[in-house]
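Okay, here's what each chain looks like letter by letter:
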2 protein chains.
Amino acid sequence: MEDTIVALATPEGRSALALIRVSGPKAIDIVNKVFRSKDLTKVDTHTIHYGWLYDENDPVDEVLVFVMQAPKTYTGEDMAEITCHGSPLIIRKIIRTLQKYGARPAMPGEFTFRAFMNRKIDLLQAEAINDLINATSEEGYKIALKHLRGDVSKTIRQLREKLINLTSLIELELDFSEEDVEFASRHELLSLTREIKNMIKNLLDTYETGMALKEGIRIAIVGNPNAGKSTILNALVKEERAIVSEIPGTTRDYIEETFFLEGYLFRVIDTAGIRETTDPIEKIGVERALEQLKKAHLTLYVYDVTQMTPEEVCKHIKSLPLAGDVIIVANKKDLLKSRNISLPTCYPAILISAREPEDIEKLKQQLINWAKANYSSEGVILTSERQYNYLQQAYQAIEEAEEGISNNLPQDLIASSLRAVIDYLGELTGEITTEDILSNIFANFCIGK
Amino acid sequence: MEDTIVALATPEGRSALALIRVSGPKAIDIVNKVFRSKDLTKVDTHTIHYGWLYDENDPVDEVLVFVMQAPKTYTGEDMAEITCHGSPLIIRKIIRTLQKYGARPAMPGEFTFRAFMNRKIDLLQAEAINDLINATSEEGYKIALKHLRGDVSKTIRQLREKLINLTSLIELELDFSEEDVEFASRHELLSLTREIKNMIKNLLDTYETGMALKEGIRIAIVGNPNAGKSTILNALVKEERAIVSEIPGTTRDYIEETFFLEGYLFRVIDTAGIRETTDPIEKIGVERALEQLKKAHLTLYVYDVTQMTPEEVCKHIKSLPLAGDVIIVANKKDLLKSRNISLPTCYPAILISAREPEDIEKLKQQLINWAKANYSSEGVILTSERQYNYLQQAYQAIEEAEEGISNNLPQDLIASSLRAVIDYLGELTGEITTEDILSNIFANFCIGK
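What you see is a predicted model, and the numbers here were worked out from it, not measured in a lab.

**Some words on the overall build of chain A**
Scanning chain A from N- to C-terminus turns up 14 helices and 12 strands. For chain A, the spread of C-alpha atoms along the principal axes amounts to about 85 × 80 × 40 Å. In chain A, which comprises 449 residues, the proportion classed as buried is 53%. For chain A, contacts bridging at least 24 residues in sequence account for 65% of all contacts bridging at least 6. With the model as given, the accessible surface of chain A reaches about 20700 Å², and the carbon-plus-sulfur share is 47%. Side-chain charges in chain A split into 52 positive and 68 negative, and the spacing between the mean points of these groups amounts to 6 Å.

**Structural notes on the pairing of strand S4 (residues 58-68) of chain A**
All names here are of chain A. Burial runs high along S4: eight of the 11 residues are buried. Relative to S4, strand S3 (residues 47-55) runs antiparallel, the two being bridged by nine bridges. By the bridge assignment, Asp 55 is partnered in S4 with Asp 58. Sheet topology places S4 next to strand S5 (residues 79-86); five bridges connect them, and they run antiparallel. Paired with Phe 66 across the strands is Glu 81, a residue of S5.

**A few points about the relation of the copies chain A and chain B**
Superposition record for chain A on chain B: RMSD 0.2 Å, screw rotation 180°, translation along axis 0.0 Å. The superposition operator between the copies reduces to a two-fold rotation axis. Proximity to the rotation axis, assessed at the C-alpha, singles out Thr 47 of chain A in chain A; its C-alpha lies 2.2 Å from the axis. Same-surface contact between copies: 100% of interface residues of chain A are shared with the interface of chain B.

**Section: the interface of chain A and chain B**
With 49 residues of chain A at the contact, the number on the chain B side is 49 residues. Overall, the association of chain A and chain B removes approximately 3900 Å² of surface from exposure, summing both partners, and the carbon and sulfur fraction of that is 67%. Taken as a group, Pro 11, Leu 17 and Ile 48 of chain A account for 15% of the area that chain A buries against chain B, more than any other trio of residues on that side. Counting every contact that joins chain A to chain B gives two salt bridges. Salt-bridge contacts for Glu 138 of chain B lead to Lys 93 of chain A; the nearest nitrogen and oxygen are separated by 2.7 Å. Counting the contacts that link chain A with chain B gives 17 residue pairs in polar contact (both at pLDDT 80 or more).

**Some points on the packing of helix H7 (residues 186-215) of chain A against helix H12 (residues 385-406) of chain A**
Residue and element names in this part refer to chain A. Taken N-terminus to C-terminus, the directions of H7 and H12 make an angle of 155°; their axes are 9 Å apart at the nearest point. What the angle tells us is that H7 and H12 run roughly antiparallel. In the crossing of H7 with H12, the sense of the turn from one axis to the other is left-handed. Residue-level inspection shows Arg 186, Leu 189, Leu 190, Thr 193, Arg 194, Ile 196, Lys 197, Ile 200, Lys 201, Leu 203, Leu 204 and Tyr 207 of H7 in contact with H12, the latter providing Glu 385, Tyr 388, Leu 391, Gln 392, Ala 394, Tyr 395, Ile 398, Glu 399, Ala 401, Glu 402, Ile 405 and Ser 406.

**Details of the pairing of strand S10 (residues 298-304) of chain B**
Residues and elements named next belong to chain B. With seven of its seven residues buried, S10 lies for the most part within the structure. Taking every second residue as pointing to the same face, both faces of S10 are buried, with Leu 298, Leu 300, Val 302 and Asp 304 on one and Thr 299, Tyr 301 and Tyr 303 on the other. In this sheet, strand S11 (residues 325-331) lies alongside S10 in parallel orientation, the contact comprising seven bridges. Paired with Tyr 301 across the bridge in S11 is Ile 328. In terms of handedness, the path from S10 via helix H10 (residues 310-319) over to S11 forms a crossover that is right-handed.

**Regarding a nonpolar patch on the surface**
On the surface, a nonpolar cluster with roughly 210 Å² of combined accessible area is contributed by Leu 169, Leu 172 and Phe 176 of chain A. Along the polypeptide, Leu 169 of chain A turns up in helix H6 (residues 151-175).

**Brief notes about unusual backbone geometry**
Glycine aside, residues mostly have negative phi, and peptide bonds are mostly found in the trans state. Cis geometry marks the peptide bond from Ala 70 of chain A to Pro 71 of chain A, where omega comes out at 5°. Following the sequence through the fold, Pro 71 of chain A ends up in the loop between S4 and S5. One non-glycine residue, His 46 of chain B, lies in the positive phi region at around 60°. Along the chain, His 46 of chain B turns up in the loop between helix H1 (27-34) and strand S3 (47-55). Positive phi, normally seen in glycine, also occurs at Asn 226 of chain B, with a value near 70°. Given the relative accessible area of 33%, Asn 226 of chain B is considered partly exposed.

**Observations regarding the side chain of Asp 304 of chain B**
Residue and element names in this part refer to chain B. Mapped onto the elements of the fold, Asp 304 is located in strand S10. Side chain to side chain, Asp 304 and Thr 306 meet in a polar contact 2.7 Å long. When near neighbours in sequence (up to four residues on either side) are disregarded, Asp 304 contacts Ala 227, Asn 331 and Lys 332.

**Some points on the packing of aromatic side chains**
All told, the structure shown has 13 aromatic pairs over all chains when counted by the stated rule. Ring centres of Phe 66 of chain A and Phe 66 of chain B lie 3.9 Å apart, and the angle between their planes is 20°; this geometry places the pair in the stacked category. In this pair, Phe 66 of chain A is assigned in strand S4 and Phe 66 of chain B in strand S4 (residues 58-68), connecting two distinct chains. Per residue, the accessibility class of Phe 66 of chain A equals that of Phe 66 of chain B, and both read buried. Measuring from centroid to centroid gives 5.3 Å for Phe 259 of chain A and Phe 266 of chain A, while their planes differ by 15°, and the two rings are stacked. Comparing Phe 259 of chain A with Phe 266 of chain A shows no difference in burial state: the two are buried.

The rules we used
Residues numbered from 1 in each chain as written. Chains lettered and ligands numbered in written order. Predicted model: local features only at pLDDT ≥ 70, side-chain atom pairs only at ≥ 80, totals over all residues. Heavy atoms only, no water. Helix = DSSP H or I, 4+ residues; strand = E, 2+ residues; numbered from the N terminus. Buried < 20%, exposed > 50% of the residue type's maximum accessible area, 1.4 Å probe, protein only. Contact = heavy atoms within 4.5 Å. Areas by Shrake-Rupley, 256 points an atom, 1.4 Å probe, with all protein chains shown as cover. Lys, Arg positive; Asp, Glu negative; His and termini not counted. Charge placed at Lys NZ, Arg CZ, Asp CG, Glu CD. Pairing = 2+ DSSP bridges. Least-squares fit on C-alpha atoms with pLDDT ≥ 70 in both. Buried area = accessible area lost by both parts, 1.4 Å probe. Salt bridge = Lys/Arg side-chain N within 4 Å of Asp/Glu carboxyl O. Polar contact = N/O pair within 3.5 Å; in protein donor to acceptor, adjacent residues only side chain to side chain. Axes fitted to C-alpha atoms, helices over the stretch in contact; angles between N-to-C directions. Parallel < 35°, antiparallel > 145°, perpendicular 65-115°, else oblique. Left-handed = near helix turned anticlockwise from the far one by under 90°. Right-handed = clockwise from strand over helix to strand, strands pointing away. Patch = residues over 30% accessible without salt bridge, like charges linked within 9 Å, V, L, I, M, F, W, Y side chains within 5 Å. Phe/Tyr/Trp six-rings, centres within 6.5 Å; stacked < 30°, edge-to-face > 60°.

What follows is the structure, given as structure tokens:
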């Protein structure tokens, strides 16, 4: 029998109220022992009870107790939740008193772990709960919510069911191998395998979007020294953290700043000016800047519109090791003598003065449009490395199966590849688990969840 | 009709859960508008409901809703409490959604204010709730709990009822003043007045204890430079904040540190070495040290046992402007050549080496014994300046009444004094209130309480 666990579920600190959770076969019984006002073991489930908690003869606090009997609870076990006055001293006292009567302090994520073990949620939903609590951006929150609602689980369960049917047919053939029968039409088999492969591929493709939405879209700001990169960075994050100065090469290392635009989290990586240099310290800065470039989803190439021609800009960008998209920011339009100026055409370009709030708004709008075009939280989206890894292994196994079927390999080889896929998908949702996976996942949770 | 208020009741931050409170005539109705799973306006009071909150068509979070109908609620109004995932983003979303449907953000203490206005608690209990949340010491917590249970309110209400009876009798005499009747026997009157005066006096006398238990017992550590005061302070607070050094006069200003011993909160005031000096900066230090002495409940007089005779110690202590008790700490016993040493007898003295953990334990025990002998949280204890001031005014008025009765003054003068006492006591418990008093009290609360 599981033991009964207790934990503070709300943040530490002083506040109006704090909520203490108790879960386990003796949850209601233990709380009842310290609750004086009525017999909680005799009340209906999902009811609220006012009264005083006592540690033997000493009153501890005036509380509300929420009684929820299994199985319709978060953990699937009997639960009692207590709202007490939000004082660290009182919280400590109540938890200690409950320990005295047989509850033990919960480990991180233990309530959710029990919910998983009691099949209230699957592993993807458990991960979603943690993502939800830690979501910093609107878009990341939306994805976590979808996972919590079970949208991803459903897609994967459907994939897996199809596979199990398919594999059973092939395994049936193995039983009759002497007779050379074919229960599963090879044609049908191939088309089902390909369908599943495509579904996995599509899910895998959402991972980059998922990570960008969850952890933020990485933008690198590059360009020659004194082009206005730091000024633009400051304007975007509306803080004066980076040192804005007229001396070339002031921003030697890269700085990471984050900001939100319409629910998107952006991580701006300011990089040291990229240019030929002999200064050894500056050289390190240039190298780091180039590294950042490769990781960026989007590069903002900033140049001083009075100093470079469109051709020079495009040539410089071409020389950079870029991985993602580029937006060219032609800065210092306030220093232009003529209004007739041609902008580079190799990438979308915007003419601004970083000192003009209106122009910064224009730049922000450009970023929003780009984000919307590239990252949408619509549909089912992967957000965890664990999920990605299992799906990738499943993808390799299904490719093997596909090849096996095409090349008419023996059924047992095909069946073994398909079983591998089924196992990977089962591990993904938690239908198959190992202790390692579980402890890894739940250790990242906060206590009380 | 009151409007409906909403606030986060648990601390800001990421956690397993957060609790949002809604109170007011439309509380259940408003929450019902964003809750999709069932009709909360049709459910029984004090029941718990699982489901999803929606902002129009967008799911916001998976929650539990606690429905509590008036009048058996904290505020005395209809209430709905929501536990959601503990993410600042989600909390903000839920509160905004509830605002959209007609709730408004609560002001600090507004839930408790409503509880008071609906006569769920009196003013002393309201103050106790705030004290309870902010209690840092075990003893302060115990007193707040007693106030919350209404022990103080009961004592004061009893006083006031007796007074009202008494005063009515005298006022009755006024109506029959032509006839020179005496409904209230002057003898009985005098004895009742004295009884009430004593009860008020006893309550007033608890104020110092109440403050010491609530805000901490103030200890001053004084003695000549280099006697080991900073070492003792550090040992008591178990932190190395004060600079411990061999150079006389190092601790120039006073430092406040706090520590707990068996539920008592001690505020240790380390003072600059008190001695004759010509250094102007040091002189300021000496003056401040003397000021602190007057405020201390207890003075620890520390001296180097190898440097001063018991007579010198007692003479020095006599020269100090002490208000509270004194414990003499004869330090540096490790430097003594002989074990035969006489300690001062003018105050309790303890021989220690500040470097010996065992000796520090002995010193701590001495402090605990002293605290227990002087400050007990037994009985009814005043802890608020507001309460003290009203009681003091009540005391002056009852003294006037007593004098009036003794000197056979006209009934109307006596009655007016007694009415003043009744009013002061009424203001104390909140039976009589002004807007100023109320806003002062509740402004100190946290939001959500």
